[in-house]
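Observations on the three-dimensional arrangement
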Amino acid sequence: MHIDIDEIAKTFGGTTALLPVSLNIPSGALVALLGPSGSGKTTLLRILGGLEFPTSGRVLFNGQDATGLTVQERRAGFVFQSYALFRHMTVFDNIAYGLRARPRGQRPNKAEITRRVTKLLDLIQLPDIAGRYPTQLSGGQRQRVALARALAIEPRMLLLDEPFGALDAKVRKELRQGLRDIHDETGLTTVFVTHDQDEAMELADLVVVMSMGRIEQIGKPGDIRAKPATEFVRDFISA
Amino acid sequence: MSDTTLPTFRAATEEAPFLRIALIGIAVAGLAVLVFAPLAVVFGEALREGWLAAVESLGHRDARSAIWLTLTITAIAVPLNAAFGIAAAWFITKFDFRGKAFLITLIDLPFSVSPVVAGLCIVLLFGANSAIGGWMVAQGWPIVFAIPGIVLATVFVTFPFVARELIPVMIEQGRAEEEAALTLGASGWRTFRTVTLPNIRWALLYGTLLCTARAMGEFGAVAVVSGKIRGQTATMPITIEMLYNEYLSVAAFSMAALLTALALVTLLLKTLLELRHADQLAAIRRH
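For clarity, every value in this text was computed on a predicted model and none was experimentally measured. (Residues numbered from 1 in each chain as written. Chains lettered and ligands numbered in written order. Predicted model: local features only at pLDDT ≥ 70, side-chain atom pairs only at ≥ 80, totals over all residues.)

Details of the overall build of chain A
Secondary structure assignment for chain A yields nine helices and ten strands. For a compact globule of 239 residues, the expected C-alpha radius of gyration is about 18 Å, and chain A comes in at 18 Å, within 12% of that figure. Taken over the C-alpha atoms alone, chain A extends approximately 55 × 40 × 30 Å along its principal axes. Residue burial in chain A is summarised as follows: out of 239 residues, 44% are buried. Restricting the contact set of chain A to residue pairs at least 6 apart, pairs at least 24 apart contribute 67%. (Helix = DSSP H or I, 4+ residues; strand = E, 2+ residues; numbered from the N terminus. Rg over C-alpha atoms; globule rule 2.2 N^0.38 Å. Buried ≥ 20, exposed ≤ 12 C-beta atoms within 10 Å, placed from the backbone. Contact = placed C-beta atoms within 7 Å.)

A word on the domain arrangement of chain B
All names here are of chain B. In terms of domains, chain B is made up of domain 1 (14–46) and domain 2 (61–285). Computed over C-alpha atoms, the centres of domain 1 and domain 2 are 30 Å apart. Contacts between the two partners involve five residues from domain 1 and, on the opposite side, seven residues from domain 2. Of the residues that constitute the side of domain 1 that touches domain 2, the class distribution is four nonpolar, no polar and one charged. (Domains from an automatic or database assignment. Nonpolar A, V, L, I, M, F, W, Y, C, P; charged D, E, K, R; others polar.)

Thoughts on the sheet that holds strand S2 (residues 15–25) of chain A
All names here are of chain A. Here four strands make up an open sheet; going across it, the order is S2-S1-S4-S5 and the pairing antiparallel. Edge positions in the open sheet fall to S2 and strand S5 (64–65), since each of these has one partner strand only. Two elements, strand S1 (residues 3–12) and strand S4 (residues 56–61), share five bridges in a ladder whose sense is antiparallel. When the bridges of S4 are listed, Ile5 appears paired with Val59. (Pairing = 2+ DSSP bridges.)

Notes on the UniProt feature "domain: ABC transmembrane type-1" (unreviewed entry) in chain B
UniProt marks residues 67–277 of chain B with the feature "domain: ABC transmembrane type-1" (unreviewed entry), using the numbering shown here. Measuring from the first to the last C-alpha atom of residues 67–277 of chain B gives 32 Å, for a span that is 81% helix and 0% strand. (UniProt positions renumbered as here; feature names shortened; annotations may be inferred.)

Quick word on unusual backbone geometry
Of note in the backbone geometry, A:Asn62 takes a positive phi value of approximately 50° without being a glycine. Inspection of the secondary structure puts A:Asn62 in the loop between S4 and S5. Judged by the 12 C-beta atoms lying within 10 Å of it, A:Asn62 is exposed. In this structure, B:Lys228 takes a positive phi of about 50° despite not being glycine. Mapped onto the elements of the fold, B:Lys228 is located in the loop between helix H11 (220–226) and helix H12 (236–245). Judged by C-beta crowding, with 17 C-beta atoms within 10 Å, B:Lys228 ranks as partly exposed.

Structural notes on the domain arrangement of chain A
Reports of interface size often rely on the accessible area that becomes lost once the parts have come together. All names here are of chain A. Assigned domains of chain A: these are domain 1 (3–75 + 155–238) and domain 2 (88–154). With eleven residues of domain 1 in contact, the opposing surface of domain 2 contributes ten residues. A per-element tally of the side of domain 1 that touches domain 2 places helix H6 (residues 169–186) first, with five residues. Its residues assigned to classes, the side of domain 1 that touches domain 2 shows eight nonpolar, two polar and one charged.

Quick look at the pairing of strand S9 (residues 206–211) of chain A
Residue and element names in this part refer to chain A. The buried fraction of S9 amounts to six of the six residues, a majority that puts the element mostly inside the structure. Of the two faces of S9, the one carrying Leu206, Val208 and Met210 and the one carrying Val207, Val209 and Ser211 are both buried. Bridge count between S9 and strand S10 (residues 214–219): five bridges; the pairing is antiparallel. Across the sheet, Ser211 pairs through a bridge with Arg214, a residue of S10. Counting the residues between successive antiparallel strands, the hairpin from S9 to S10 contains two residues, one of them, Met212, with a positive phi of roughly 50°.

Section: the interface of chain A and chain B
In this complex, chain A contributes 20 residues to the contact, which on the side of chain B involves 18 residues. Every element with two or more residues in the side of chain A that touches chain B is listed here: helix H2 (71–74), strand S6 (76–79) and helix H3 (91–100) of chain A. Its residues assigned to classes, the side of chain A that touches chain B comprises eleven nonpolar, six polar and three charged.

So, the UniProt feature "transmembrane region" (unreviewed entry) in chain B
Residues and elements named next belong to chain B. UniProt records the feature "transmembrane region" (unreviewed entry) for residues 21–46, 66–91, 103–128, 140–163, 203–227 and 247–269 in the present numbering. Taken end to end, residues 140–163 comprises 67% helix and 0% strand; its first and last C-alpha atoms sit 34 Å apart. Its end C-alpha atoms 34 Å apart, residues 247–269 is made of 91% helix and 0% strand.

Thoughts on the UniProt feature "domain: ABC transporter" (unreviewed entry) in chain A
Cross-referencing UniProt, the feature "domain: ABC transporter" (unreviewed entry) maps to residues 3–237 of chain A in the present numbering. As annotated, residues 3–237 of chain A comprises 38% helix and 26% strand, and the C-alpha atoms at either end are separated by 26 Å.

A look at the environment of A:Thr118
Residues and elements named next belong to chain A. Along the polypeptide, Thr118 turns up in helix H4 (residues 110–123). The class of Thr118 is partly exposed, set by 14 C-beta atoms lying within 10 Å. Sequence separation of Thr118 and Pro20 is 98 residues, and the distance between their C-alpha atoms is 43 Å.

Some details on the sheet that holds strand S8 (residues 189–194) of chain A
All names here are of chain A. Reading across from one edge, S6-S7-S8-S3-S9-S10 is the order of the six strands in this open sheet, with mixed pairing throughout. Looking at which strands have only one partner, the edges of the open sheet turn out to be S6 and S10. When strand polarity is set aside, the average angle formed by the axes of neighbouring strands in this sheet is 15°. By the bridge criterion, five bridges tie strand S7 (residues 157–161) to S8 in an arrangement that is parallel. Bridge pairing links Leu159 to Val191 in S8. (Axes fitted to C-alpha atoms, helices over the stretch in contact; angles between N-to-C directions.)

Quick look at the structure:
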């Protein structure tokens, strides 16, 4: 699914989080929103997922206006910064949550849910943790469970908010490859937010550099490195 | 600790033995004087003339009516306040709006206002001489000196318990899990039922139990609005006071013992639930 962001702006009370920004995300791309904190990248991600609504502008999914769609109607697989796993549910129940929340007519039966959850656990290479609780998992495992939970709803796109933020350096490297593999396998249009330029440059097909609520540059990692468009981008990627 | 050849070092948070003994002693003495002694006196006085006299006094028509009234009021007031408390806590923790701090202060108001004053306010607002009260009396539904007034007074006095327990828990948990449920396609109600409620259930239980204990024991506000009509609007605490003033000591203390026992049962219930779900509690708190 390709996503078009058309002059999206967002203000909270009196403060401006996003100036009008526009961005076209081709179908199947892996896109990084890169910028320091307060640059508006998370706000933009949450607007895509339907967790915030823009003050003005439009979002289009496959050319169709999706601005008014509710968070449930968006069907965006969302991975939260600290994963937001349901702490009172097992890993199995966490992953099955989205399937069980479907309206009765579209809800898979028990056997089908078990089959799908098992398949997702295999995909994230943690086949044996179905019965555990989130508190019994390591940070890396939690992140992968959150990813599996987001994938379970057969999302139209994958949105990740600082997916590697809470992990140590070694696990971070491993999981980067994991995300790349999952992206390539599912072919989902994927947008992730990061403040780590290495992460963005290494992982993404397209990097969107943001600062102070505006987009500074959009480009392939190589192009951004070779030709930074503004002083800010030059500073940020050399840091 | 077992190695005696080394000089004895104390952990930084550990105190000298004499200080420890002194502190424990003060705590035990305080508990004995303030908690155990009154409890013992209440039950002792009730049973002074034997079990039979105590039970007989509780079987009296007015006593039965008081017990029934108190249980009814509690059964109405506690669910109301649980619902109000959840709604208030939800509103305060999940949304940002102006005047939030003011609203939190307002929720605490019943703690700071004297129950007698609260009772007087209800009489002024809903008494037979007020517009609303007069109309209600004309319809045959008096509020003051009747059960609705007692419910109102009890709800007011016990209002903060549930909300106060829930607000810190819900603030600490944030909104992320609920947002996650929404992105996974759950409706607002389903999110509340399957994510919010399970996460707050222990706080909700504590709040409800405290609220129950307080609702059964409320005296001041109820004394003003009930009119203390024997057999009709006299709750257990009111009846205890009336019996005591009439020098019916065994009857007064039997009723008091029963009220205390009801409170103790709620505490016992809480402890049992905690024991039964100890592993679950630990899993939530380790987070």
